[in-house]
Amino acid sequence: APGERGPLVLAAASLQEAMTAAAGAWAAQGHARPVLSFAGSSALARQIKAGAPADLFLSADEDWMTDVERAGFVVRSTRANIAGNRLVLIAPANRPVRLRIGKNMPIARVLGDSRLAMADPDSVPAGKYGKAALTTLGVWRSVANKIARGENVRAALALVERGEAPLGIVYATDARASRAIRVVGAFPIGSHAQIRYPLARLTGSRHRDAEAFRRFLLSRTGKAVLARYGFTAP
Amino acid sequence: MSTFTPEEWTIIGLSLRISLVATTAMLPFAFTLAWILARWRFPGKLLLDALVHLPLVVPPVVTGWLLLLLFGAQGPIGQWLHTWFGVTILFRWTGAALAAAIMAMPLMVRAIRLSIEAIDRRLEQAAHTLGAGRIRTFWTISLPLAMPGLLAGAILGFARCMGEFGATITFVSNIPGETQTLPIAIHAAMQTPGGEGLVTRLALISLALSLSALVAAELLARRMTRGKRSHVDRY
Amino acid sequence: MSTFTPEEWTIIGLSLRISLVATTAMLPFAFTLAWILARWRFPGKLLLDALVHLPLVVPPVVTGWLLLLLFGAQGPIGQWLHTWFGVTILFRWTGAALAAAIMAMPLMVRAIRLSIEAIDRRLEQAAHTLGAGRIRTFWTISLPLAMPGLLAGAILGFARCMGEFGATITFVSNIPGETQTLPIAIHAAMQTPGGEGLVTRLALISLALSLSALVAAELLARRMTRGKRSHVDRY
Amino acid sequence: MLIDIDVRRRVGGRIIGVTMRTDTGISALFGPSGIGKTTILHMVAGLIRPDEGHIRIDGTLLFDHRQAIDIPSKLRGCGYVFQDTRLFPHLRVRANLLYGRRGEGPASLSTVIDLLGLDGLLDRWPITLSGGEAQRVAIGRALLSGPQILLMDEPLSSLDDRRKAGLLGLIRDIPRRTGIPILYVTHDAAEIDALDATRIDVLNPA
Amino acid sequence: MLIDIDVRRRVGGRIIGVTMRTDTGISALFGPSGIGKTTILHMVAGLIRPDEGHIRIDGTLLFDHRQAIDIPSKLRGCGYVFQDTRLFPHLRVRANLLYGRRGEGPASLSTVIDLLGLDGLLDRWPITLSGGEAQRVAIGRALLSGPQILLMDEPLSSLDDRRKAGLLGLIRDIPRRTGIPILYVTHDAAEIDALDATRIDVLNPA
Ligand SMILES: Nc1ncnc2c1ncn2[C@@H]1O[C@H](COP(=O)(O)OP(=O)(O)OP(=O)(O)O)[C@@H](O)[C@H]1O
Ligand SMILES: Nc1ncnc2c1ncn2[C@@H]1O[C@H](COP(=O)(O)OP(=O)(O)OP(=O)(O)O)[C@@H](O)[C@H]1O
Ligand code: MOO
Ligand SMILES: [Mg+2]
Ligand SMILES: [Mg+2]
């Protein structure tokens, strides 16, 4: 019905555009538009654990989903991954870098005195994946003290866009939307744990559309919307 | 900047409402705290002083998290509010106002305290000899004399509320029409590649609103001091 | 809290250094701005006033982003600094200090301005008749009389610097030993499930440090007013 | 109209105090600059607590060290003309005058305005007043507060002879007309004569 | 020691001013409270700008409306004893006294301390001073500033007779001894006599 509020979805900030489009597609089918709240996965997880009256949780990170699940706020059977992502190495568009991603690649030499921009490898999901990939490729130790740790992926992207860092590691979805950078290459799938976005319904969910919208996101239509924004299949 | 979308109107209205309510509601508390810190001496005063500064010293997300622990559905105050008043402030604009007020508190307290400490207490003594007790002296002498600090505190506090982001999003999330204020919308736009244009636009709106508040406060301040300058002021 | 790890010592030292340098370096600028806003009248004054409040009104990440645009290696000021002085502040603790100083500015300016506006200008006139020009009058009369505001501004500013997160991480990133301050470490700990213990520990350290600064400032303030109370104060 | 005061207070290493007992309406505290006249008035008004002694006005005990009696300032009903006027800077002259208004007091508002020549000043801010004008407003404010006793600390020091003479007449008649005793501080012997006051010499008790 | 003043200034709807020309060392501005005596001293000291007229002291033109001359306060060398003392609250008495120190002036520091009885007060904060003590410090500060002219606004109003007599003697001798003229405000005709001053009646020009 018009004016009615849809289910409240807490979603990781990195899914902002894709999820907005998905909610639009759902609303176009005649349902009440879901209310989307985008923030960092950690903030959302804490809100849920504080008893926030939300319906769905879409995390950028399996760890936080597991954390919320362990705390008993997730309806177990409803947890499923709705998308995946790739990790890419980027450079400013006007200062392209020639580098082949692979074992023992000379990334430290390319960096020279400057820094590699990425999300915090100790805390932010994208950074953790990046660190794993660099470690697998045997180059982490050569760059470990040349990292500019961003608060999130976008901060790292901004540094490369502005040319303040000659190289950066971001999600493919983020790289895709920016014209100021060029993708140097994608990290091999096996170099880090698979990047997945888990979705689950919360135990406190009261909205009658919650489950239907969750199923919609997992459906072929829903996944197609996410794919339009560069997300891979889970 | 000429016309706003309906979403933008909602965000602007919400930001103004939250900041106004937060500033107004915090003002008496801030004044009381400033008064206690300026005038009283008691053991633990330094602790109170530290507590007042807490939201300034720890990053906003920590303040937001503490609010969540206290006011969440599971939190002591949150449960109490729910049981007795049936009120939840989580995910509500009232929660955003609470977060903004707490973040603005240290600024407001300090400005007001500065003015209270500058009050010439001989005037309060004079009021006492004229039969005014503590309460009347407070309302008719101390409070009016502390007005500059109150006004400065209100300005600082309002501006701080208009800019509050970290504690708000951590505490009450980012819910359109309820807790999505200008700074949160700006932050969201920052997260979007190519969102710089929108960021600039929203930041300018934010600035324009705060500037209007500033102008209003300046005019009020001028009205208040009007005619009180001596003829000895050459300049 | 009894013993700190070497990393924690680094973070603590860095936070203190950045906050101290930022507060000290900003103080004269803040005073100048406060003086201009309190004493001068000129077209565009309101604009300056708004500019001073800007870092308060827009979310910190926007301020950080603006700093990046201006002071980055590609930015106008950044390029100029590099060409003429060979200095880069991006990714350096100096950059973190700049971000902190800018964020603390509005608070410092407002507190100092409040004190400048409270100066009894008849005393400055008296100094003139005693042969003191503008400069001597400023140093010997106006500045000492504005001391309470200066001190309050320094306290507020220092506390704000100790808590600064958003602008810093956006501008100079999170680099251990260079720009990783307490709030940044706290924020990182917040991002990890189960990091609440570390968050609490670091937040308490932060609070303890700021509390020490508060105590020092309070003692200084008391020293400054010592003996200046009249015998007419009964209380 | 009995004034019975015996107080001592240590101030900055010295003892300040007075012992007096009069029944004559106006008692004039007389003594050189810095001897402690203002301090004594402050003790009577309850703004400084004496270290020892007592203060009794018209049979009411305002302070007694041994009996631990210490009536708060606001209940003492002292119409105090401060040496430094202490006008409220944020209130216009009229509001200053009426601040302590209680009953009719020793003089009505219009009488006070008339006798003190405050007619054109009622809407002015205190900071715009000349020295003598401020002093007159301070006198008016105290007179209008319906006091039990008037404390006047060199109230005429900034006034011209004509005004002074007029006001001395007004003040002299207050105890007779209203039964309100006056404690008057001055260093002008002529004023004491004009007031028919009992001269109390404030001495250094040391 | 020529004092040649002719000034007018509109203050709150009234005109305040004076026309005078004397050569006698001390000129006493005399007139009722509120007539404009303080305002005139402020104009001489350069703290208020006259709307018209001129101020010439000892041949130096301090102000001339028509010639657009307006020497700034700090160069006028006016040792000004303000009616409201204006001691610097953040400086101890000694620092207040020495603030304007320039050369030897009409009296040395030790003479000033002696004659004004400031001996025990040098390390005190102004707020702890009694009314008369503050007034004496203000006089000392002006005397020590090595002035070209002394402006004294009821400088003895809070002092006892003995002190007053001593200081009147000191002040009377200043022009003779040092060539420094004095513009003296008082409402006490006896002071004018004691100073051998030329009485200038300030009138309402309206
Ligand atoms: N905090 C203080 N420390 C030392 N001495 C003080 C302090 N406060 C006041 N005094 C001294 O106490 C004395 C009494 O002061 P009080 O104001 O009562 O004098 P007074 O008789 O009214 O003088 P005056 O006629 O000049 O007004 C003065 O000498 C003053 O300097
Ligand atoms: N802003 C103002 N508006 C109106 N009138 C004013 C203003 N400032 C001063 N005046 C008036 O100007 C007159 C002159 O003041 P001034 O201080 O020069 O008087 P004075 O002769 O020194 O008096 P006193 O002997 O009482 O000190 C006073 O009547 C005063 O009230
Ligand atoms: O979307 Mo996130 O929570 O920035 O990894
Ligand atoms: Mg006295
Ligand atoms: Mg005068």
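The preceding data block contains the structure.
Remember, predicted model here, so these are calculated numbers, not experimental data. (Residues numbered from 1 in each chain as written. Chains lettered and ligands numbered in written order. Predicted model: local features only at pLDDT ≥ 70, side-chain atom pairs only at ≥ 80, totals over all residues. Heavy atoms only, no water.)

A. How the structure looks around the overall build of chain B. Summing up its helical and strand segments, chain B has 11 helices and zero strands in all. For chain B, the succession of helices and strands along the chain, N to C, is α-α-α-α-α-α-α-α-α-α-α. In terms of overall dimensions, chain B has a C-alpha envelope of 65 × 50 × 30 Å along the principal axes. Within the span of chain B, comprising 235 residues, buried residues form 59% of the whole. Sequence separation of 24 or more characterises 72% of the internal contacts of chain B that already satisfy a separation of 6 or more. Entry remark: accessible area of chain B is about 9500 Å², with carbon and sulfur atoms responsible for 68%. On chain B, the mean spot of the 19 positive side-chain charges and the mean spot of the 11 negative ones are 12 Å from each other. (Helix = DSSP H or I, 4+ residues; strand = E, 2+ residues; numbered from the N terminus. Buried < 20%, exposed > 50% of the residue type's maximum accessible area, 1.4 Å probe, protein only. Contact = heavy atoms within 4.5 Å. Areas by Shrake-Rupley, 256 points an atom, 1.4 Å probe, with all protein chains shown as cover. Lys, Arg positive; Asp, Glu negative; His and termini not counted. Charge placed at Lys NZ, Arg CZ, Asp CG, Glu CD.)

B. Representation of the site of ligand 2 in the model. In the neighbourhood of ligand 2, 20 residues make up the surrounding shell, with R124, S130 and E133 of chain D together with T38 and T39 of chain E lying closest. This site is not confined to one chain, since residues near ligand 2 come from chains B, D and E. In this structure, an oxygen atom belonging to ligand 2 sits 2.9 Å away from a side-chain N or O atom of Q83 of chain E. Compared with its free state, where it exposes 640 Å², ligand 2 has 92% of that area covered by protein. Elements that contribute at least two residues to the shell around ligand 2 include exactly helix 5 (131-143) of chain D together with strand 2 (14-22) and helix 1 (37-45) of chain E. Partitioning the shell around ligand 2 into residue classes produces three nonpolar, 12 polar and five charged. (Near = heavy atom within 4 Å. Polar contact = N/O pair within 3.5 Å; in protein donor to acceptor, adjacent residues only side chain to side chain. Nonpolar A, V, L, I, M, F, W, Y, C, P; charged D, E, K, R; others polar.)

C. Region of interest: the coordination of the magnesium ion (ligand 4). Those protein atoms acting as donors to the magnesium ion (ligand 4) are T38 of chain D (OG1) and Q83 of chain D (OE1), and they sit at 1.9 to 2.2 Å. Of the two residues, T38 of chain D sits in helix 1 (residues 37-45) while Q83 of chain D sits in the loop between strand 7 (78-81) and helix 3 (93-98), which places them 45 residues apart along the sequence. (Donors = N, O, S within 2.8 Å, 3.2 Å for Na, K, Ca; no water.)

D. Just the nonpolar core, in detail. Core analysis: the biggest nonpolar cluster contains 104 residues, and M19, I107, L116, L134, F187 and Y197 of chain A have the highest contact counts within it. The element contributing the most residues to this core is helix 5 (residues 93-117) of chain C, with 12 residues. Ignoring sequence-local partners within four residues, the contact set of L116 of chain A consists of L89, I107, L111, L134, V143, K146, I147, A148, L167, G168 and I169 of chain A. Membership of the second largest hydrophobic core comes to 59 residues, among which are L8 and A54 of chain A together with F31 and A100 of chain B. (Core = buried A, V, L, I, M, F, W, Y, C linked by side-chain atoms within 4.5 Å.)

E. Broad picture of the pairing of strand 1 (residues 3-11) of chain E. Residues and elements named next belong to chain E. Sheet topology places strand 1 next to strand 2; nine bridges connect them, and they run antiparallel. Residue pairing for strand 2: D6 is matched across the bridge by T19. Counting the residues in the hairpin turn of strand 1 and strand 2 gives two residues, including G12, whose phi is positive at 50°. For strand 1 and strand 4 (residues 52-57), the ladder comprises six bridges, and the chain directions are antiparallel. Note that in strand 4 the partner of R8 across the bridge is E52. (Pairing = 2+ DSSP bridges.)

F. Region of the structure containing unusual backbone geometry. Backbone geometry places F91 of chain B, a non-glycine residue, at a positive phi of 65°. Topologically, F91 of chain B is positioned in the loop between helix 4 (76-85) and helix 5 (93-118). A relative accessible area of 5% means that F91 of chain B is categorised as buried. Of note, the phi angle at T85 of chain E is positive, near 55°, even though the residue is not glycine. Following the sequence through the fold, T85 of chain E ends up in the loop between strand 7 (78-81) and helix 3 (93-98).

G. Main features of the relation of the copies chain C and chain B. After a rotation of 180° and a shift along the axis of 0.0 Å, chain C superposes on chain B with an RMSD of 0.1 Å. A rotation of that kind, with that shift, is consistent with a two-fold axis. It is A111 of chain C whose C-alpha, among those of chain C, lies nearest the rotation axis, at 3.0 Å. The share of interface residues of chain C whose copies in chain B are also at the interface is 98%, consistent with both copies meeting through the same surface. (Least-squares fit on C-alpha atoms with pLDDT ≥ 70 in both.)

H. Layout of the interface of chain C and chain B. Across the boundary between the two partners, chain C contributes 54 residues, which contact 54 residues of chain B. Of the roughly 4700 Å² buried where chain C meets chain B, counting both sides, 75% is carbon and sulfur surface. Three residues, V57, W65 and L114 of chain C, lead the burial of chain C against chain B; their summed loss comes to 13% of the area buried on that side. Counting across the interface, chain C meets chain B through zero salt bridges. The interface formed by chain C and chain B includes two residue pairs in polar contact (both at pLDDT 80 or more). For the side of chain C that touches chain B, the secondary-structure elements that each account for two or more residues are helix 2 (45-57), helix 3 (60-71), helix 5, helix 6 (121-129), helix 8 (147-163), helix 10 (182-190) and helix 11 (196-225) of chain C. (Buried area = accessible area lost by both parts, 1.4 Å probe. Salt bridge = Lys/Arg side-chain N within 4 Å of Asp/Glu carboxyl O.)

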